[in-house]
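# Examining the three-dimensional arrangement
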Amino acid sequence: MFKKILIANRGEIALRVIRTCREMGIQTVAVYSTADKDSLHVRFADEAVCIGPPQSSKSYLNIPAIISAAEITNADAIHPGYGFLSENSKFARICKEHDIKFIGPEADMIDKMGDKATAKATMKAAGVPIIPGSDGLVGSVAEGKKIANKIKYPVILKATAGGGGKGMRVVWKEDELEAAWDSAKTESAAAFGNDGLYMEKFVVNPRHIEIQIIGDQYGTVAHLSERDCSIQRRHQKLLEETPSPFMTDELRERMGNAAVKAAKSINYEGVGTIEFLVDANRDFYFMEMNTRIQVEHPITEEVINYDLIREQIKVAAGIKISGKNYYPTMHAIECRINAEDPYKNFMPSPGKILELHKPGGHGIRVDTHVYAGYTIPPNYDSMIAKLIAVAQTREEAIAKMRRALREFVIEGIKTTVPFHRQLLKSDGFVNGDYTTKYMDDFELK
Ligand code: MV4
């Protein structure tokens with residue numbers, strides 16, 4: 001087992017990893033920017049190293065500074081968390097060159113799944129259902145028109161280097177294709193330095209349901225069931241739950257098997273998530289694979305009683321998994337609490353937290369790095385807490401979440417707490433009848 005892990009991240013996920021390391025008897029090293037010198041991850045870790053100024057590019061994305069910190073402190077592994085360097089293959093490669101275990105899959109795997117057209121071709125070869133579309137990249141507008149005429153409009157152009165909505169355009173009819181092509185290419189080139197586009201049939205009104213998987217270094221893979229992430233706004237997830245209200249035992253079996261088959265076919269090592277689009281007929285299609293631990297991992301942990309960070313560290317250290325799949329016996333919901341003003345288009349609202357009362361009690365978990373008197377820096381993601389409710393049934397989990405949202409007091413900044421209070425009362429949510437379009441028509445009162 002590792003003796004000392006450096007956590008190349010900040011905020012709640014850095015704390016989350018440090019806590020499990022403590023339980024496992026593993027020493028921890030925090031890295032921090034000057035904006036984060038008063039952060040809890042710095043205080044909870046055994047050691048802490050300042051790696052640069054507030055801008056992410058000069059601190060949490062500063063590979064030489066992070067590698068130096070690991071060398072100086074003698075860390076034998078690096079946990080990248082999510083975001084930042086978690087899916088950066090160059091970083092994974094440099095860790096390996098320095099004999100430091102990157103807690104995640106091999107660099108080549110990150111590359112293969114990071115290029116969406118390659119990932120899709122890989123999944124198709126493995127027999128996982130994919131959305132009809134181009135075979136790899138589309139070479140020209142003319143070729144795009146040919147493919148679109150075959151698969152029929154509406155179609156969607158996607159950036160192969162993308163994910164999360166950037167460089168994506170829906171095209172409803174042929175005379176819109178050229179303009180969509182040009183703007184998607186320009187946007188992708190600017191955002192990713194890669195303007196490759198592929199095309200798919202556009203699935204109207206899908207659900208976003210993802211399967212958590214874990215693979216060890218010996219080819220064994222298991223799935224840990226699903227999370228429904230359909231409640232999103234501008235490709236930012238706001239709430240996740242498991243089981244999905246749309247799930248059936250039969251669909252879970254089909255999706256779980258497909259996810260395991262996919263991960264096995266590529267010899268996947270580590271925790272990962274296979275994202276699927278699910279249509280109204282419960283047909284599902286591979287969308288993307290995430291090769292990191294995700295923000296929403298706690299809801300899975302709560303319904304299967306399983307520490308995903310612990311298991312992630314164990315497989316990275318070469319420990320075998322049993323290979324058994326896990327099925328939810330409880331219901332969990334996560335609300336992302338962001339320092340944003342939901343009444344002003346979710347505009348970021350950094351600043352000092354003057355007063356804080358975190359909810360608690362039976363079935364409530366709050367993963368956060370903030371405290372009363374803490375100042376949220378304007379430089380990073382606006383998520384300041386994850387509020388997780390777990391209960392025997394969906395109804396009870398909703399009741400618990402509503403109770404916890406009433407208790408939550410955060411003063412000094414605007415947060416998404418009032419938004420969640422309303423979301424959890426809305427008919428579509430309460431009835432479990434929602435898709436990725438749900439937020440488009442949601443009116444905040
Ligand atoms: C789609 C789609 C419909 N049809 N692909 C959005 C982010 C990126 N990961 C893929 N996305 C979508 N791809 C086809 N062929 C609809 C979306 C989509 C979406 C997906 C998941 C969650 C929220 C979404 C919101 C809008 C569009």
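Residues numbered from 1 in each chain as written. Predicted model: local features only at pLDDT ≥ 70, side-chain atom pairs only at ≥ 80, totals over all residues. Heavy atoms only, no water.

### Here we look at the site of the ligand
- Contacts to the ligand come from 17 residues, most closely from Lys 158, Glu 200, Lys 201, Val 203 and Glu 288.
- The contact in question runs from a nitrogen atom of the ligand to an N or O atom on the side chain of Glu 200, over 2.9 Å.
- One nitrogen or oxygen atom from the side chain of Glu 288 is found 2.8 Å from a nitrogen atom belonging to the ligand.
- Taken by itself the ligand offers 520 Å² of open surface, and the protein chains cover 89% of this.
- Here the residues of the shell around the ligand sort into 7 nonpolar, 6 polar and 4 charged.
- Looking at the shell around the ligand, you find at least three residues from each of domain 2 (132–201) and domain 3 (207–441). (Near = heavy atom within 4 Å. Polar contact = N/O pair within 3.5 Å; in protein donor to acceptor, adjacent residues only side chain to side chain. Areas by Shrake-Rupley, 256 points an atom, 1.4 Å probe, with all protein chains shown as cover. Nonpolar A, V, L, I, M, F, W, Y, C, P; charged D, E, K, R; others polar. Domains from an automatic or database assignment.)

### Notes on the packing of aromatic side chains
- Tallied over the entire structure, the rule returns 12 aromatic pairs.
- Between Tyr 438 and Phe 442 the ring centres are 6.2 Å apart and the planes differ by 50°, which places this aromatic pair in the tilted class. Each of the two residues, Tyr 438 as well as Phe 442, counts as buried.
- Among the aromatic residues, those joined into a ring-pair cluster are Phe 346, Phe 419, Phe 429, Tyr 434, Tyr 438 and Phe 442.
- Positioned over the ring face of Phe 429 is Arg 394, at 4.7 Å from the centre of the ring. (Phe/Tyr/Trp six-rings, centres within 6.5 Å; stacked < 30°, edge-to-face > 60°. Buried < 20%, exposed > 50% of the residue type's maximum accessible area, 1.4 Å probe, protein only. Lys NZ or Arg CZ within 6 Å of the ring centre and 35° of its normal.)

### Here's the deal with a positive patch on the surface
- There is a patch of like positive charges on the surface, built from Arg 402, Arg 406, Arg 421, Lys 425 and Lys 445.
- The topology assignment puts Arg 421 in helix 13 (residues 417–423). (Patch = residues over 30% accessible without salt bridge, like charges linked within 9 Å, V, L, I, M, F, W, Y side chains within 5 Å. Salt bridge = Lys/Arg side-chain N within 4 Å of Asp/Glu carboxyl O. Lys, Arg positive; Asp, Glu negative; His and termini not counted. Charge placed at Lys NZ, Arg CZ, Asp CG, Glu CD. Helix = DSSP H or I, 4+ residues; strand = E, 2+ residues; numbered from the N terminus.)

### Considering the sheet that holds strand 8 (residues 197–201)
- Across the sheet, 3 strands lie side by side as 7-6-8; this open sheet has antiparallel pairing. Edge positions in the open sheet fall to strand 7 (169–171) and strand 8, since each of these has one partner strand only. Pairs of neighbouring strands in the sheet enclose a mean axial angle of 25°, with direction left out of account.
- Bridge count for strand 6 (residues 155–159) against strand 8 is 5 bridges, and the pairing is antiparallel. Counted as the bridge partner of Val 155 is Lys 201 from strand 8.
- Sheet strands in contact with helix 7 (residues 141–151) are strand 6 and strand 8, and its direction is about 15° off that of strand 8.
- In this fold helix 8 (residues 177–192) packs onto strand 6, strand 7 and strand 8, with an angle of close to 170° to the strand it touches most, strand 7. (Pairing = 2+ DSSP bridges. Axes fitted to C-alpha atoms, helices over the stretch in contact; angles between N-to-C directions. Contact = heavy atoms within 4.5 Å.)

### Notes on the nonpolar core
- Residues Ile 231, Ile 337, Leu 387 and Phe 429 are the most contacted members of the largest nonpolar core, which totals 36 residues.
- Every element with two or more residues in this core is listed here: strand 11 (236–242), strand 14 (331–338), strand 19 (364–368), strand 21 (383–391), helix 12 (394–407) and helix 13.
- Membership of the second largest hydrophobic core comes to 35 residues, among which are Ile 26, Ile 214, Val 315 and Ile 388. (Core = buried A, V, L, I, M, F, W, Y, C linked by side-chain atoms within 4.5 Å.)

### Examining the side chain of Ser 59
- Structurally, the position occupied by Ser 59 is in the loop between strand 3 (47–52) and helix 3 (63–73).
- Engagement of the side chain of Ser 59 in a polar contact is seen with the backbone oxygen of Pro 53, the distance being 3.1 Å.
- Other than its neighbours up to four places away in sequence, Ser 59 contacts Ser 33, Ile 51, Gly 52, Pro 53, Pro 54, Ile 66 and Tyr 380.

### Brief notes about a nonpolar patch on the surface
- Together, Val 170, Trp 172 and Val 204 make up an exposed nonpolar region whose accessible area comes to about 280 Å².
- Structurally, Val 204 is set in the loop between strand 8 and strand 9 (207–215).

### What to know about the pattern of salt bridges
- Under the counting rule described, the total for this entry stands at 35 salt bridges.
- Here Arg 336 ties to Glu 296 by a salt bridge, and the two come within 3.0 Å at their closest N and O atoms. In this pair, Arg 336 sits in strand 14 while Glu 296 sits in the loop between strand 13 (284–290) and helix 10 (297–304), placing the two residues 40 residues apart along the sequence.
- A residue is classified by how much of its surface remains accessible, and Arg 336, at 10% relative accessible area, is buried.
- Given the relative accessible area of 1%, Glu 296 is considered buried.
- Three or more residues are tied together by salt bridges with common partners; here these are Glu 210, Arg 227, Lys 237, Glu 240, Glu 296, Glu 334 and Arg 336.

### Digging into the sheet that holds strand 4 (residues 77–79)
- If you trace the 5 strands from one edge of the open sheet to the other, you get 3-2-1-4-5, paired in parallel fashion. The two strands at the open ends of the sheet, each matched to only one other strand, are strand 3 and strand 5 (101–102).

### Here's the deal with unusual backbone geometry
- Following Tyr 153, the chain continues into Pro 154 via a peptide bond in cis, with omega recorded as -5°.
- Structurally, Pro 154 is set in the loop between helix 7 and strand 6.
- Between Thr 242 and the following residue, Pro 243, the backbone shows a cis peptide bond with an omega angle of -5°.
- Turning to its location among the elements, Pro 243 is positioned in the loop between strand 11 and helix 9 (249–265).
- For Asn 205, which is not a glycine, the phi torsion comes out positive at approximately 60°.
- Tracing the backbone through its elements, the reader meets Asn 205 in the loop between strand 8 and strand 9.
- Although it is not a glycine, Phe 346 adopts a positive phi angle of roughly 60°.
- Looking at Phe 346, the relative accessible area reads 12%, which means it is buried.

### Observations regarding the domain arrangement of the protein
- Structurally, the protein comprises domain 1 (4–103), domain 2 (132–201) and domain 3 (207–441).
- Placing the centre of domain 2 and that of domain 3 at their C-alpha centroids yields a distance of 29 Å.

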